[in-house]
Every structure is written in structure tokens, then in C-alpha cells.
There are 2 protein chains.
Amino acid sequence: MLPRGRPRALGAAALLLLLLLIGFFLFGGDLEYVRPRGAAALDGDPPADRGGHNLSDCVPPRPLPPKCELLHVAIVCAGHNSSRDLNTLVKSVLFYRKNPLHFHLVTDAVARNILEMLFHTWMVPAVGVSFYDLEELKPQVSWIPNKHYSGLYGLMKLVLPGALPPDLARVIVLDTDVTFASDIAELWALFAHFSGVILLRLDRLRQAGWGQMWKLTATRELLTLPATSLADQDIFNAVIKEHPGLVQPLPCVWNVQLSDHTLAERCYSEASDLKVIHWNSPKKLRVKNKHVEYFRNLYLTFLEYDGNLLRRELFGCPSPPPPGTEQLQRALAQLDEEDACFEFRQQQLTVHRVHISFLPHEPLPPRPHDVTLVAQLSMDRLQMLEALCRHWPGPMSLALYLTDAEAQQFLRFVEASAVLSARQDVAYHVVYREGPLYPVNELRNVALAQALTPYVFLSDIDFLPAYSLYDYLRASIEQLKLDSERKVALVVPAFETLHYRFSFPSSKAELLALLDSGSLYTFRYHEWPQGHAPTDYARWREAQTPYRVQWAADYEPYVVVPRDCPRYDPRFVGFGWNKVAHIVELDAQEYELLVLPEAFTIHLPHAPSLDISRFRSSPAYRDCLQALKDEFHQDLSRHYGAAALKYLTALQQPPGPA
Amino acid sequence: MLPRGRPRALGAAALLLLLLLIGFFLFGGDLEYVRPRGAAALDGDPPADRGGHNLSDCVPPRPLPPKCELLHVAIVCAGHNSSRDLNTLVKSVLFYRKNPLHFHLVTDAVARNILEMLFHTWMVPAVGVSFYDLEELKPQVSWIPNKHYSGLYGLMKLVLPGALPPDLARVIVLDTDVTFASDIAELWALFAHFSGVILLRLDRLRQAGWGQMWKLTATRELLTLPATSLADQDIFNAVIKEHPGLVQPLPCVWNVQLSDHTLAERCYSEASDLKVIHWNSPKKLRVKNKHVEYFRNLYLTFLEYDGNLLRRELFGCPSPPPPGTEQLQRALAQLDEEDACFEFRQQQLTVHRVHISFLPHEPLPPRPHDVTLVAQLSMDRLQMLEALCRHWPGPMSLALYLTDAEAQQFLRFVEASAVLSARQDVAYHVVYREGPLYPVNELRNVALAQALTPYVFLSDIDFLPAYSLYDYLRASIEQLKLDSERKVALVVPAFETLHYRFSFPSSKAELLALLDSGSLYTFRYHEWPQGHAPTDYARWREAQTPYRVQWAADYEPYVVVPRDCPRYDPRFVGFGWNKVAHIVELDAQEYELLVLPEAFTIHLPHAPSLDISRFRSSPAYRDCLQALKDEFHQDLSRHYGAAALKYLTALQQPPGPA
């Protein structure tokens, strides 16, 4: 929600009022307006749709818009936290909705970046989204003295009628901190009571100049009010005061507020039918309301609700599918369910919902030799984050593969950690879980795409880099006079400890001593020596300067590369060959492999992840991995021609001695 | 769901028909019955509550029962899997309901055991539950030849009118494999069209003998039908055939079935308003229905829905709180929110929802010296289960601390594991997560209470016992001529490895060799030697026979005790002192501590759990633990008088050398 410098209760009070303020333009000053029969639902009483009809079986029809009518919703949203709130609000709206929807989002650059990606990857049928630039609208309200910069976001609602498309006649305006408990169409239907005529009147009143009306009022109010307390509420209130006939209160069930105890309870205790709950921070809430549990539960329901489940089509409302859906469905339809690798191919085609910059994140201005550590993880590696922060003082871009509920656990985990809370240069990108196989390379690509520095260190979450690595890498990039045009991959030699308790070496000399005493090994020395053999650990022991090494089959070093390096191949889902294929791609694009003499990173022991253990034992798994490798090599030949032949040849030779 | 020997589609078709069969008794053969005005909703058309009212603003009132009317639901449920289905069904009903509900559950012993605990710990306001014994009712239908034993459960619906309380006039009967998408009151309201008069007619017709009617029909049908195909459907169908006027079809939206494609789609595509979806197994479903995604998503919504969120009170419907709620609320109200240990005390008072025997489980008949391994875990230790099964071939009772969604992941994990699927003697009890602190001792108590053998081995999930331990323990119990009256705790010495990859010793000799070579240590030798010092590892090396040891401060051995041993003290939440307190309790109750010379168990390394790492760093945590310890000692003195003095004294002395 938007931080503001005044009690939330006030902010809350204005929320749905705006619906009516926009509504009021529709019929506002018009004395000819006749209250329609069905408008009983518009007064302060709860809708009378239960019992109480003893005298007649005849009641007004339940107010609902025509089937399949497109409903418009406008929301002002700025920053990381507000974007998370918006996600929860939208989930509650989508859960109950039966109509096509269009969201008009007035956002700053941060929220737009996050929400564009979120809606693009969410792919909900019958949902449209438009973005409006908050920065562009700001001058229209920034002349109003306002203590808090963020207070301007509240004032944005004043300019919505002008900012939204001129042919848009009706819109529901929502704060990000509300939760729906009913179909938003019921709210929209309150417009419908004024029938089609109102559409025209909206246009007329718009032309007559709401823009002038509120500015005049605001200017007049500023003469008597202390400047700092003036916000959107105050202006709305002043306009209403001047034009009391323009306002029609919403039935109270449409804005049940926790802070306003007496009023709220009198409303809903009779209704047993809440429509919208208006939040402030539910965690800090100390309101002595006996139904607070009910409200909290509704909020938590949608906070933790699996948003993938909302990718459902509407019944009987034909609407254009979200972009990409048709190709996707064609591709899915072409899959052979009897194919042993069906699950792999299905997983490859899965579009995961992505919430980039899930937590507030303030990257430093870009520096020429800076390096971002890029990695991905799931819930069972969260414990690594604190240690990683201690070892890597630079920027990080981390993709997390989580359910909606786990994303909330993750949020609490970060909040509870002083180490993690203190870091502003770590960006967390949530990729929501879907499908049985771990989309390891898709996750790496999400993290990689969000790195903002010229170089990236492509690491894995189980590794802790040398304490000095961040500084050393930047110094090396500078000394080697690299620029992002030069195709170089700096190799960071990898080691591992099998000991659970372990004292991390503070220098190369200490590391070598541990290696000699058998406390450390070169990475996967026992199980998969060819994975790192080309790094040439013997040479590294003695090396004083960076040295070049050649690609060989199955090589999968940890490397530092320019940010625009090739992406990981997303066909490799589950486990196996995902990094190997990336190094092949680097070599095919003629990246030089340079081993850094003072760099090292150490793998810590851990239990096998749930995701790996579920599939490792399956014999079909190895067969599918082989099929994926074959297809990868075919594509490689297609791209790089004869030059790619060496990868196939290398594959067919037995690996040499490590 | 109930396994049956015929296509599920048939079974599905009868589901909600029963509602009407019970309904039909209400007005059935009565020619005086006049269809009420509002009964339009009873025909096959979807409720006409959207648009289409051009000619009149007057439509019949939306059918809903009077506010706060108690609605009755009957469900037949047998076995473990059906109990899980029922849990999901009930969640969907509770999510939308606004009325008090009473569930009439006709169950076998397994389901009753599970569901009694589930509802008792769920503590949902305005929900009553009654149980009826399926075994008692069985003779009423077991005379009907039926190929499948389980088919009898379907036939149970025939005897419901006689089995339910005579003063119960109306009931909605549900299969366990349905999901609600709307308020069940709307379904109940279909009764209401027949108003209060019908209540009397139900009674009259009941007395007139439905019991005879269906038996006569069944007997007659048996003359011509092959015995094996006769089930509840067939009998209902035959009765209906004889009395066609008795049946009134439900609006199709009340039983949308996936298997019946054409019919279902014609129904809901116009309605855009589904009320109930009737499932068969959603995972195996291959129905080419373009809305299958919608249905699946609704099902998954409630499968993974946090049931704790349904513990919300109804608005404006005064109803007696669930048993225990009032004391609980008083206790919670007495807590001081400013108390530094507020979170601890709140966690102690939390009642966790418990789903015992979450997976099918067939314990062997009890044997006199048998031992159940008792432990608890959360999601991050699931990987231990396979190894544990290999090390312990005997019965286990394991409590799992999970969210509803994690419980489904756990289910899939077990299904995917050949090792786990093969075991019928491992009982898994799900305790649903609630609150920030890990309720370690409550979890242990749940697992302990469900152990069925005379002895229990109280272990921890990170330990793997010697391969021989299960047999050795039973032999030792027999040799020592223990019986469950004798207060003995057999100590299993504990060791640990810090190596991630580790070859488990197959004998005491091998273990001692590893100990001497530094590959193994005695458990927590470095960090907390006093925890196991009294076991006297030096003596154990040489011991050939069990030897007695004395309690000392901070002793926390892993022990085998009679099943009726003292429970763990649930005040210890989070981490620390939870086992220590239990051993103190054993000593205070004068349990002999006998170390077994050939027994051992080994702790494997693992990353710290999320639950531990969240609190370990907090300084307030230690203070609260100290406060809990003090309170524990006060209670001890109260219980055991002067004899308990030694525990306080021991605590005040510095620990001696290990």
C-alpha cells in the first residue's frame, strides 16, 4: 500500500467514494434524474436479498451487468510493496469474477516493470491491461503542497478522469489494499442503474471540466488549510461539500473497514454478505474487532492463493486469448501423451508467472566493471542466503521458484533477517511453481535478464565465493581491460567440502592447505571429474596470472561473462546437462575461457533437494535427458554448421582421465 | 472416493439425485402438491438471474433459506483416501457457507478415528458433527449380492432415512468427490420451496416405510438382474421407474460432471454460474473438455486451501462456540502482548488441526515386544524418509508439520517413491502449520499417541538407527523380561557424522573403528557434551550387557519406553530443552535408565532448518527459553514435591566435565 503521512482510516474512507465521484459525474447535478426502482441497493442498507419478502414475492432483479460485459478497473500503483499488494487484490477480483476485465494501471517505472512482466506471464484469459505513466501525470498535482512525496500518488485519483481514454465512460477505482469477497460485477452493476443515458452524460461532464472544478476547490481550500495536510481526501471532501447533491453513498458492504469499528459492524452483522474489505496492514492490526479473524482469513486466502489457478477461461464469453496462448495451445496439442518424455516437453512449454523485484530493491548506479552474482533457488535453500550475503558484498539477482504461499514465507524470512533486510542491492525474482520438473534454466534466465551491471557471475546457490571474490573480479576486469564487446568468460575454480561444519579459507594459500589436508576437494572430484578438469587445478595452484583453457566435453565451470551473454537453454528442465549446454554455447560463440589465479568458490554439502530426488531414480529420466541432448546438438549444427561438429565428436569419445 | 466396480459416471449420476429422493418423500405421491411460484429454479434451466427481464422488473426472490437456519449434510465415508477427499469437500463447503452446518458422517472405524480428530482440532464455529457406525448399518444392505465389498458403502444411502435421527426432516446427501463452487444454502433452498408443510410429510412417509419400499423393489429386481451389477443406483432407478412422479430433476448446475460432456457443457455454458462440480480422479482425467482446466482449478483451490482460514465465525448467527474455544479465548485474552515471550505463549495455546493416518496404513496385529519408531518432521526433512525406511523395518508413527498445500506435495512424494509406497506399517499424521514457532513437543505427542505397539522408540528424524536396531530392541525387551508395567527406559547411544557422504557401520565393531578414526563422534561431542555424557560412552565400548545409568542435568538420550510413558511438555515450542524436559519427567516418575550395549543410532548432517534459523539468532529467544524452564521446574515441584528439588539444584551447578 502507499505510505502516507496521515492516518490510514482517512485514506480508507475515500477509496470507493471515487467510484461514486465518477458515478456522480454521470448523473450528478442533473435534477431530472429519477431514482430507478432497483436503486434500493444504492442506499446504506445491505442488499435485501434474503427473506423479509413476506408481503410479496416480487423484488427488484439482482443487479448484475449483462453477461460478458467488459468491466473497467483503475488502480494507482507505485513501488515494490504496492505491486505485491496489487497482485493480491487482482487475485481476489479474478477469483470471483465472471466477466471480462480491463485493468487501467497508473504506475511508476518500478511498478510498471514488475506488473508488465507479471501480467504478460500470467496469461489470464479475458483480462486486458493498460499502463499509464504516473510521472507524466505528476505535474498536474505536484503544484499542491504536500509534505510527503508519496502523497502525490493519492492525489493521482483527481486526474484519472482526464488520464483515462476519452471513450472510457465508466471505471471502478480501487486502492491496492482492498480484498474482494464477491464478484466485482455486482459493484459495476451499481452503475447500470443509471442505464445507457449516463454514458453520454459522463462525456458531457468531462468536457464541462472536472479538471477545473477540483483545481478551483483545491486552490480555495489552500487559503485556509495548512498546506501539509491537504491530500486527495481533503479535495474530494471539499468538492462534495460544495456539491452535496452529487454524492450517493455506496452500500456499506462495499467498503467494510476495520478501523471504523462501530459503523462497519452495524453494516455487516446484518448483511452476512460482505463484498469488499478494505485493509490496512493486517499484521500490525490491533483493532479490537471480533470479526478481525474473518477479515484476516479472507486476505490471507488471496495472499497465498495459487495465481496459476486463475488462468481459467470464462464460460460462454468469447474473448481473444492472451498473447501467445494460441501458439502455446497448438504446441501442447501436438505433444504425444504416450511419448516417454511427455512430461519434459510439457514442462518446457509451461509459461511461469514471474514477479520480478518481489522485494524493495535499490540498485546502485551502474559502474563500469561491476559484477552481479546470478543464481536460482527454491525454498529448501533459503538458509544459504545469509551466508551468501556475507561472502558477496556486491549486487545479486536471484530467481526463486516458489508457490504463492511460499513467497509469503520468503517475505517473512527476509523481514526476520537483519542481514538480508540490510541489503538493498539484492533483487529477488519470484517465478511461481508450475509443473513437476524443475525449470532450472528458465530460472537462471530470469535472474540473468534482471542483472543491471555490465558483468555477471553465473553461480549456483550451494556455493559460497571467496570473501575477496567480488573485489577481485572487478579488479581483474579492469586490469584485463575487458569491455562488454569482448567475448571472455572468466573461470572461477570450484571446490567442495564434504564437512558440514567448515571454516572457510580466507586466502588461496589457506585453501590449498585445506586441499592438501583432505578437508577440501576440487568440485565433484569423485563423481564427475570431467565437469571441471579443463580448469586444470594443477596449473591453477601455481598460476600468478590468468591463463587460457580450452573447452572439452562436459565442461561446466562457473564463469563471469558480459551481461549480454547467451541465455541458458530452457529445454533442460529437471536436472542434468543444463550448465554443460550453456558452456557449449559460449564456446560455439567463441568466448575465450580465462581462469583467474586468485578466484575460488566452494560448494557446501546439503541434502539432495526434493526436486532432484523425485526424479533421479527414474530410468526414463536418463533416456529423456539423452533425447534432449540429441536435440540440442541438432540445433547446434543448424546454428553453427560444421563448427559445431566438434561437440558431437567429443560427446562420442569416452571421457579421458580427469 | 469409494472404489466401485462400475463406471464412475453412473455413480456420479446418482449423487445429488438422493437429495431429491429424500425430497420426494416430502411431497412425493401427494397429488395435492402444487408447484410453488418460485420453483422455476427447480427445472433443468439455469437460474435466470442475469438479464432477460426486459418485460418486468419482477422475478421470484432468490432462493435462500432464512438467515442462520441450520443446514444438515450427510456423507458416507470409509477408509483413509475417502477421509482425505471429505476434508477437501468440507473445505469447499465452508468457504462459501454463511449458515450453521451439521455434518452427519456415516463412517467405518478408520474414517471415524481420522475425522473425529480432524473436526475436534479444526474447531470451526457453527459446525456440528455426528457420527453413525457404517458397520452397524451394513446388515441392512449386506443381503444384496454385490461383487465388491466396498460397493456396500454406496448402498448405505438407501438406509440413510432410517439411520439418521427421526426428528431430522431434511438433509443434503453428498459423495466425497464433489467440490462446491457456491453457497450450499442455495442447494438447501430447493427444499424450502415446499415450505414447512413438507417437514410433516417427511415424517409421515418415513413412518409409512421407505425401508420396505426399496427392499421390495430390490428383491424384485434381483429376480431378473445379474446379482453383481446391482448397486444403489440400480435400486434407486427401479424405485423411480415405479414412481416416476416422485422425482424432480435438480437444475443441472448442481451436478456438473466431467464425464458427461455434452450435457454438462450445454448446462454451464449458458449459466456461467456453477454450483457443484462432481469429480472423479482429477489427475487421471483425460476428458476432452475445454473447461477441464476450470474444474481442476476449483478442485485444486480447495485441495490446497489452508483449512485454518475457515475457523471464522459467522456474522450475526449466534451459535455455541466449538468445545474448548471459550477457555482458549479466555487464556489468549489473558496474555500480555507486551510480554517478551508473548509469541511463545500464544504458540503454546494454538490448537493445530490434526489429520491422523493421512495415508492408507495397515498396521500388523499387535505383538508383545514390538516397538514403533516415533518421530516428527517438516517438509525439509522429507528426504530422510526413504533412508529411515531402509534402516527401520518395523512400524513407525511420524508426525508431519505441513501446510495444506505441502500435504499434497507430501502425498505425491510418497506416491513417487517405491520404497515408501511399499510400506504399510508407517503411519503419517499431518499436523497443519499455524503460528511462527515450531511446536516440536506437540508433534511428538501426536506421533506418540498414535503408536500401536507396546513400546516406542522416541527418535528424531535426522537420525538413522543401526540396521539391526529394530530386531535387537525386540529381542532385548524379551530377554530383559520387560512388561509395560515396568518403568524402564532403554537408552540407544547416539553418534554423529559430520560427513555428508558416509558409509553406515553395519556393526558395533565397525562403528567403534569409525569413532577411533575420527569419522564419527559421540553426538554433539563438541557443542553439548552434557546432553549425552551420562550414557557413558567409555563403558558402552566394553559393555556386553545392559547397564544402568543415573540421570544428570541436561541429559537427553534417545530411549525406548512403554507406550504409556509421560507425554512431552508442549510448552516447549521452537527449539531447546524439549527432550531434556521429557527425560526429567521420566526420571521424576522413577524410570530406570538402561543403556543397551549393541544399540546405536547416528545423526546425519544437514543444513539448519528454516524453523530453527529464524529464531536462533534472537536474544529474546534465550530469555524466553529460560522463562519456560523456570515455569517447568515450578510445575515439577508442585507435582513431585521435595523429590523434584534435585532437578533445580542440578540446574544451578555448572555442568561437570563430559
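It should be noted that the structure appears before, not after, this text.
Treat the numbers as computed from the prediction; the structure is a model and nothing was measured. Going along each chain's sequence as written, the residues are numbered from 1 onward. Following the order in which they are written, the chains are lettered starting with A and the ligands numbered starting with 1. The predicted nature of this model means local features are confined to residues of pLDDT at least 70 and side-chain atom pairs, given and counted, to a pLDDT of 80 or more, with totals for whole chains, interfaces and linings taken over all residues. Calculated side-chain values reflect all of the structure's heavy atoms, with hydrogen atoms and water omitted.

Side note on the pairing of strand β18 (residues 558–562) of chain A
Residues and elements named next belong to chain A. Put simply, the rule is: Burial classes follow relative accessibility: with a 1.4 Å probe on protein chains only, a residue under 20% of its type's maximum area counts as buried, one over 50% as exposed, and anything between as partly exposed. The secondary structure listing takes helices from DSSP runs of H or I that are at least 4 residues long and strands from runs of E that are at least 2 residues long, numbered from the N terminus. Pairing between strands is defined by DSSP: at least two bridges between the two strands are required.
Burial within β18 is extensive, with five of its five residues counted as buried. In the sheet, strand β12 (residues 455–458) pairs with β18 via four bridges, with the strands oriented antiparallel. Paired with phenylalanine 457 across the two strands is valine 560, which belongs to β18. Sheet topology note: the strand β14 (residues 488–492)/β18 ladder contains three bridges and is antiparallel.

Comments concerning the pairing of strand β14 (residues 488–492) of chain B
Within β14(B), five of the five residues are buried, which leaves it mostly tucked inside the rest of the structure. Every second residue of β14(B) is oriented toward a common face, with Val488(B), Leu490(B) and Val492(B) on one face and Ala489(B) and Val491(B) on the other, all of them buried.

Focus: helix α4 (residues 109–122) of chain A
Residues and elements named next belong to chain A. For clarity, the threshold we go by: To estimate how far a helix should extend, the number of its residues minus one is multiplied by 1.5 Å. Two residues qualify as a contact provided that any one of their heavy atoms is within 4.5 Å of a heavy atom in the partner residue.
Helix length check: α4, at 14 residues, gives a terminal C-alpha distance of 20 Å against a target of 20 Å (1.5 Å per residue), a fit within 8%. For α4, the set of buried residues is Ala111, Ile114, Leu115, Leu118, Phe119, Thr121 and Trp122. Of the surrounding secondary structure, the elements contacted by the buried residues of α4 are β1 (71–77), α3 (79–96), β2 (101–107), β3 (127–133) and β8 (354–355). One or two positions beyond α4, positive phi appears at methionine 123, with a value near 55°.

Overview of the packing of helix α16 (residues 342–349) of chain A against helix α26 (residues 619–640) of chain A
Residue and element names in this part refer to chain A. As a reminder, the rule being used: Between N-to-C directions, angles span 0 to 180 degrees; the directions come from axes that are lines fitted to C-alpha atoms, helices contributing only their stretch in contact. Roughly parallel refers to an angle under 35 degrees, roughly antiparallel to one over 145, roughly perpendicular to one between 65 and 115, and oblique to any angle outside these ranges. Only Asp, Glu, Lys and Arg are considered charged, only Ala, Val, Leu, Ile, Met, Phe, Trp, Tyr, Cys and Pro nonpolar, and every remaining residue, Gly among them, polar.
Two numbers describe how α16 lies on α26: the axes approach to 9 Å, and their chain directions differ by 55°. With respect to α26, the axis of α16 lies oblique. For the pair α16 and α26, the contacting residues are Phe344, Arg345 and Gln348 in the first and Tyr621, Cys624, Ala627, Leu628 and Glu631 in the second. Residues belonging to the contact of α16 with α26 are distributed by class as follows: five nonpolar, one polar and two charged.

Description of the side chain of Lys629(A)
Residues and elements named next belong to chain A. Selection criterion: Under the counting rule used here, the positive set is Lys and Arg, the negative set is Asp and Glu, and His together with the chain ends is not counted. Any carboxyl oxygen of Asp or Glu that lies within 4 Å of a side-chain nitrogen of Lys or Arg is treated as forming a salt bridge with it.
With respect to the secondary-structure elements, lysine 629 resides in helix α26. Notably, lysine 629 is buried but unbridged: the nearest opposite-charge side chain belongs to aspartate 554, and the N-O separation is 5.4 Å. In this view, lysine 629 contacts Phe572 and Trp577; residues no more than four positions away in its chain are not counted.

So, the sheet that holds β14(A)
Residue and element names in this part refer to chain A. The strand order β8-β11-β10-β9-β12-β18-β14-β19-β17 describes an open sheet built from nine strands, whose pairing is mixed. With one partner strand each, in any of the chains shown, β8 and β17 (547–549) form the two edges of the open sheet. Alignment of β8 against strand β11 (residues 426–432), held across two bridges, turns out to be antiparallel. Within β11, the position partnered with valine 354 by the bridge is valine 431. Docked against the sheet, helix α18 (residues 404–416) engages β10 (396–402) and β11, running at close to 135° with respect to β10. Contacts between helix α24 (residues 578–588) and the sheet are confined to β12, β14 and β18, with β18 contributing the most and set at about 45° to the helix.

A word on the packing of aromatic side chains
Here is the rule we go by: Paired rings are identified among Phe, Tyr and Trp, the last through its six-membered ring, by centres lying within 6.5 Å, and are further divided according to the angle between planes into stacked (under 30 degrees), edge-to-face (over 60) and tilted (the rest). Counting as a charge over the ring demands two things of the Lys NZ or Arg CZ atom: a distance within 6 Å of the ring centre and an angle within 35 degrees of the ring normal.
All chains considered together, the criterion is met by 51 aromatic pairs over all chains. Summarising the aromatic geometry, the rings of Phe95(B) and Tyr96(B) are spaced 5.0 Å apart at their centres and angled 85° between planes, so their arrangement reads as edge-to-face. Its relative accessible area of 15% is what places Tyr96(B) among the buried residues. Members of the aromatic cluster, each reached through a chain of ring pairs, are Phe95(A), Tyr96(A), Phe302(A), Tyr305(A), Phe95(B), Tyr96(B), Phe302(B) and Tyr305(B). Its guanidinium or amino end placed over the ring of Tyr432(A), Arg353(A) lies 3.9 Å from that ring's centre, counting from NZ or CZ.

A few points about the pattern of salt bridges
Residues and elements named next belong to chain A. This model, assessed by the stated rule, comprises 50 salt bridges over all chains. In this structure, arginine 367 engages aspartate 370 in a salt bridge whose closest nitrogen and oxygen atoms are separated by 3.4 Å. Measuring nitrogen to oxygen at the nearest pair gives 3.6 Å for the salt bridge that ties glutamate 386 to arginine 390. Of the two residues, glutamate 386 and arginine 390 both sit in helix α17 (residues 384–391), four residues apart, roughly one turn of that helix. For glutamate 386, a relative accessible area of 25% gives the class partly exposed. Each of Lys91, Asp306, Arg353 and Asp404 takes part in a single network of salt bridges with overlapping partners.

Quick word on the state of the cysteines
All names here are of chain A. Our working rule: Disulfides are defined as cysteine sulfur pairs within 2.5 Å.
Applying the stated rule across the entire model yields two disulfides over all chains. What pairs with cysteine 341 in a disulfide is cysteine 624, and their sulfur atoms sit 2.3 Å apart. In this structure, the disulfide formed by cysteine 341 and cysteine 624 twists by about -105° around the S-S bond and is classed as left-handed. Here cysteine 341 is found in the loop between α15 (325–334) and α16, whereas its partner cysteine 624 is found in helix α26, with 283 residues between them in sequence. Note on accessibility: cysteine 341 and cysteine 624 belong to one class, buried.

Comments concerning the environment of Thr522(B)
All names here are of chain B. Examined against the element boundaries, threonine 522 turns out to sit in strand β16 (residues 521–522). Residues threonine 522 and proline 493, 29 residues apart in the sequence, show an inter-C-alpha distance of 8.3 Å. Those residues in contact with threonine 522 that sit more than four places away from it in its chain are Ala494, Phe495, Glu496, Leu515 and Tyr537.

Here's the deal with unusual backbone geometry
Only a minority of non-glycine residues have a phi that is not negative, and only a minority of peptide bonds are not trans. Residue Ala126(A) is not a glycine yet carries a positive backbone phi of 55°. With respect to the helices and strands, the residue Ala126(A) is situated in the loop between α4 and β3. A relative accessible area of 8% means that Ala126(A) is categorised as buried. For Asp554(B), which is not glycine, the phi torsion reads 70° and is therefore positive. Tracing the backbone through its elements, the reader meets Asp554(B) in the loop between β17 (547–549) and β18 (558–562).

Observations concerning the sheet that holds β2(A)
Hydrogen bonds between backbone groups are what pair the strands of a sheet, and the pairing can be parallel or antiparallel. Residue and element names in this part refer to chain A. Pairing within the open sheet is parallel, and its four strands lie in the order β3-β2-β1-β4. Two strands bound the open sheet, and with one partner strand each, they are β3 and β4 (172–174). Each adjacent strand pair in this sheet contributes to an overall mean axis angle of 25°, direction not counted. Where β1 and β2 come together, seven bridges link them in parallel fashion. Opposite isoleucine 75, over in β2, you have leucine 105 as the bridge partner.

Quick look at the environment of Lys481(A)
Residue and element names in this part refer to chain A. Its location among the elements puts lysine 481 in the loop between α21 (469–479) and β14. On the basis of relative accessibility, which here comes to 70%, the residue lysine 481 falls in the exposed class. It is 53 Å that separates the C-alpha atoms of lysine 481 and leucine 174, two residues lying 307 residues apart in sequence.

Some points on the packing of α3(A) against α4(A)
Residue and element names in this part refer to chain A. The criterion, for reference: Each helix crossing is assigned a hand: it is left-handed if the near helix lies turned anticlockwise from the far helix by less than a right angle, otherwise right-handed if that turn is clockwise.
Where α3 meets α4, the axes come as close as 9 Å, and the angle between the chain directions of the two elements is 30°. Between α3 and α4 lies a crossing whose hand is right-handed. Between α3, through Gly79, His80, Ser83, Leu86, Asn87, Val90, Lys91 and Leu94, and α4, the contact on the second element is made entirely by Val110, Ala111, Ile114, Leu115, Leu118, Phe119 and Trp122.

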